[in-house]
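Reading the structure
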Amino acid sequence: MCVCAEFTHSYAVHLRVKCRYGRRAHRREKKSVLPLKIDAVGREISRILVANRGEIAVRIIYAAREMGIETVAIYSEADENSLHVQLADYSVRIGGAKPEESYLNVPNIIAAAEAWGADAIHPGYGFLAENPTFARIVESHDLVFIGPRAEHIELMGDKVEAKRVARRAGVPLVPGTDEPIESVEEAKRIAAEIGYPVLLKAAAGGGGRGMRVVESEREMENRFLSASSEAEAAFGDGRLYLEKFITRPKHIEVQVFGDEYGNFTHLYERECSLQRRHQKVMEEAPSPSIGPEKRKEVVEYALRLVKEIGYLNAGTVEFLYDGEGNFYFIEMNTRVQVEHPVTEMVTGVDIIKAQILVAMGERLPFDGDRITLNGHAIEARINAEDPENNFAPSPGKIDLLHKPGGFGVRVDSHVYQGYVIPPYYDSMIAKLVAWGKDRDEAISRLKRALDEFVLEGIKSNVPLHLRVLERREFLEGKFYTDSLERWV
């Protein structure tokens, strides 16, 4: 890889550019894509800027290359040696190590896209992926945003509005408030009506931030103020809503898709019940907790929601599933999910390619109702953290790395031996996915792959995953969203 140029754009930013093609990078002509059957409203995409980092950036680059599409990687000062930088056709340093200086720096991202002739931007997940303002800015610069419409990101990103949509669509909701709560006194009154325990949740965000379980009235004031402050700090919006806390629930989500022609479909469900502090740790598809009838039911609920708003591109509709067999809508993620590989493994559909095709104006390339689930897949998120030290992050140099392989094993990652993990970003460094003809074989294969995974120089949660796979509750499918907290 060579350093090709530095340039100044109208945004008055200086970006350093690297490319795989030496001085050919100075020619900004676009290569033609592989022949694709494009509908009347189709739009050409021959070069994509990947507005993300880590394994999802690598994943997008792989999919684009297979489609004959060039890629432009952006990277921060701390990510100069990351794998996505080396794999992309062009790579542009857009700022300092802190996310707000780089991966959240919208002017620099747009400058890079325009200067290097990108037709589209793929946001991946995290960072700007669910930022409606970013989606609008991308489109205002005549670039294709590979994701849903800005209004859908905005609508479903507000949990209060999302609940209104779900109610209109006839999707079941957890008992609770439709509007943000105005005061602690109001929260106490509503909680007394629906019964404790209750859950306070941020109206404008997710990922466990601004979320508190309240067991009794005497806890309400402290937890209300704490949740509101956290939500304000995280999302710039301290509004909360309140709902009944479902004890020992399962977390079931449905992968959905929509195109510009009014076609809406699904890729069945995933189970993501193994979580720590509301962050998913291990996911699988299909869910071991539901059978064919319940699968049909939850898929129908998800499709009602996306049809109600005319959703475009990939999304995930998430539900709680209680001990009585009831589903309750909790939120919709308007982006590709971290755990999308397990769905790909059991359906044979490349979700990233499907996103790109829909963004090009193509009709959906699959119909979920015609897809037969094939086997079982489980994903373990490999994080650079120390489970024995309260999961403290473990950045640093990877002195020795061996990634497992073999039939039915997939590793999505951006790290390699000698790579230095920076301390500025999420601790996930790989996703280890195992497929089997059934759940037992998938578990056995995942255990074998985890045993083979060698990471030296840093701490990781590989030993934690191995312990989980030995637990009787996991093997029997009798685990819930709070199980991992109790196990560790």
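Okay, so let's go over this structure. (Residues numbered from 1 in each chain as written. Predicted model: local features only at pLDDT ≥ 70, side-chain atom pairs only at ≥ 80, totals over all residues. Heavy atoms only, no water.)

**Details of the layout of surface pockets**
Counted as a void, the second largest pocket has a volume near 200 Å³. The wall of the second largest pocket is formed by 16 residues, among which Glu139, Val144, Phe145, Arg149 and Leu312 lie closest to the centre. Of all the secondary structure elements, the ones that give two or more residues to the lining of the second largest pocket are helix H4 (132-140), strand E7 (144-145), helix H5 (150-157) and helix H11 (351-359). When its residues are assigned to classes, the lining of the second largest pocket shows eight nonpolar, two polar and six charged. (1 Å grid on protein atoms, 1.4 Å probe; cavity = no way out; pocket = protein on both sides within 12 Å on 5 of 7 lines; lining within 4 Å. Points joined across faces, edges and corners; volume = space filled by probe spheres on them. Helix = DSSP H or I, 4+ residues; strand = E, 2+ residues; numbered from the N terminus. Nonpolar A, V, L, I, M, F, W, Y, C, P; charged D, E, K, R; others polar.)

**Let's talk about the pattern of salt bridges**
In the structure shown here, the tally under the stated rule is 42 salt bridges. The closest approach of N and O atoms between Glu55 and Lys431, which form a salt bridge, is 3.0 Å. On the criterion of sequence distance, the pair formed by Glu55 in helix H1 (residues 54-66) and Lys431 in strand E23 (residues 428-436) is long-range, its members being 376 residues apart. Take Glu55 and Lys431: they sit in the same class, and that class is buried. For Lys280, the salt bridge identified is with Glu339, shortest N-O distance 2.8 Å. (Salt bridge = Lys/Arg side-chain N within 4 Å of Asp/Glu carboxyl O. Buried < 20%, exposed > 50% of the residue type's maximum accessible area, 1.4 Å probe, protein only.)

**Examining the sheet that holds strand E12 (residues 264-276)**
Hydrogen bonds along the backbone pair up the strands of a sheet, which may run parallel or antiparallel. Spatially, eight strands are ordered E15-E14-E11-E12-E13-E16-E23-E21 in an open sheet, and the strand pairing comes out antiparallel. Two strands close off the open sheet at either side, each with one partner strand: strand E15 (327-333) and strand E21 (409-413). When strand polarity is set aside, the average angle formed by the axes of neighbouring strands in this sheet is 25°. With four bridges joining them, strand E13 (residues 279-285) and strand E16 (residues 376-383) adopt antiparallel strand pairing. (Pairing = 2+ DSSP bridges. Axes fitted to C-alpha atoms, helices over the stretch in contact; angles between N-to-C directions.)

**Description of the nonpolar core**
Ile45, Ile48, Phe257, Ile356 and Phe366 are the most contacted members of the largest nonpolar core, which totals 40 residues. Counting only elements with at least two residues in this core, the list comes to strand E3 (47-50), H1, helix H2 (83-87), E12 and H11. Not counting residues within four places of it along the chain, the set of residues in contact with Ile356 comprises Ile45, Ile48, Met67, Ile69 and Ile146. Grouped together as the second largest cluster of nonpolar side chains are 34 residues, Val409, Ile421, Ile458 and Phe474 included. (Core = buried A, V, L, I, M, F, W, Y, C linked by side-chain atoms within 4.5 Å. Contact = heavy atoms within 4.5 Å.)

**Digging into the packing of aromatic side chains**
The description of an aromatic ring pair rests on the distance of the ring centres and on the angle between the ring planes. Under the counting rule described, the total for this entry stands at 13 aromatic pairs. Centre to centre, the rings of Phe319 and Phe329 are 6.4 Å apart; their planes meet at 75°, and the pair counts as edge-to-face. In this pair, Phe319 sits in strand E14 (residues 313-321) while Phe329 sits in strand E15, placing the two residues ten residues apart along the sequence. Residue classification places Phe319 among the buried positions, given a relative accessible area of 0%. By relative accessible area, Phe329 is classed as buried at 2%. Among the aromatic residues, those joined into a cluster by ring pairs are Tyr301, Phe319, Tyr321, Phe327 and Phe329. The residue whose ring lies beneath Lys250 is Tyr480, and the NZ or CZ to ring-centre distance is 5.3 Å. When the ring centre of Tyr261 is taken as origin, the NZ or CZ atom of Arg363, which lies over that ring, is 4.0 Å away. (Phe/Tyr/Trp six-rings, centres within 6.5 Å; stacked < 30°, edge-to-face > 60°. Lys NZ or Arg CZ within 6 Å of the ring centre and 35° of its normal.)

**Focus on unusual backbone geometry**
Note that the residue after Tyr196, namely Pro197, is joined by a cis bond; omega there is 0°. In this structure, Pro286 follows Ala285 across a cis peptide bond, with omega equal to -10°. For Pro286, the position within the fold is in the loop between E13 and helix H9 (292-309). A positive phi angle, close to 50°, is found at Arg248, a residue other than glycine. Note that Arg248 resides in the loop between strand E10 (240-244) and strand E11 (250-258). Backbone geometry at Arg277 places phi at a positive 55°, although glycine is not the residue there. When you line up the elements, Arg277 lands in the loop between E12 and E13.

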